[in-house]
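Read off the chains here:
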Amino acid sequence: MNSEENLKRPNDLTELKAMIVKTGLTLPEQQERAARMALTNPELIAFGTVASVALKCSVSPSTVVRVATALGFASFRDFKTFFRQHLKTSRLAEQSINTARHAPPIPNR
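- The protein chain goes by MurR/RpiR family transcriptional regulator in an unreviewed UniProt entry, where it is assigned to Rhizobium changzhiense.

1. Comments concerning helix 5 (residues 61-70)
Now for step 1: Looking only at helix 5, the buried set comprises Thr63, Val64, Val67, Ala68 and Ala70. With its buried residues spanning 170 degrees around the axis, helix 5 presents them on a single face.
Now for step 2: Positioned one or two residues after helix 5, glycine 72 has a phi angle of 100 degrees, which is positive.

2. Re the pattern of salt bridges
Now for step 1: Summed over the entire model, instances satisfying the criterion amount to three salt bridges.
Now for step 2: With its nearest N and O atoms 2.9 Å apart, the salt bridge here joins arginine 9 to aspartate 78. One end of the pair, arginine 9, is in the segment before helix 1 (13-23); the other, aspartate 78, is in helix 6 (residues 76-102), with 69 residues separating them in the sequence.
Now for step 3: Using a relative accessible area of 31% as the deciding quantity, one classes arginine 9 as partly exposed.
Now for step 4: Glutamate 29 is the partner of arginine 33 in a salt bridge, and the nearest nitrogen-oxygen pair spans 3.8 Å. Separated by four residues within a single helix, arginine 33 and glutamate 29 lie in helix 2 (residues 29-40), roughly one turn from each other.
Now for step 5: Classification of arginine 33 as partly exposed rests on a relative accessible area of 32%.
Now for step 6: Taking relative accessible area as the criterion, glutamate 29 reaches 63% and is therefore assigned exposed.

Rules and cut-offs
Residues numbered from 1 in each chain as written. Predicted model: local features only at pLDDT ≥ 70, side-chain atom pairs only at ≥ 80, totals over all residues. Heavy atoms only, no water. Buried < 20%, exposed > 50% of the residue type's maximum accessible area, 1.4 Å probe, protein only. Helix = DSSP H or I, 4+ residues; strand = E, 2+ residues; numbered from the N terminus. Arc of directions from axis to C-beta. Salt bridge = Lys/Arg side-chain N within 4 Å of Asp/Glu carboxyl O.

Here it is in structure tokens:
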């Protein structure tokens, strides 16, 4: 599948990665560079601007927007919201695990 075909917006990062593999999505070199950066550094997208992401990936701002839409997002804003939600969910899960680890044992009755 090439980047011109529309993909359904994924619900989470695991689904996004699976969608890329399942569809055999291929992107032009610069778009692929930006997509790989997004997947390995979600905080870059979550807290960056189109311009800052483009600078970090050594691509143009329009390439960053094209990556977002090629991956099934309506806009860069939608892409950014997706990665913010991913980070929030990841942190909540991590906090829950840490809380459980440090909770006092439940006494037997």
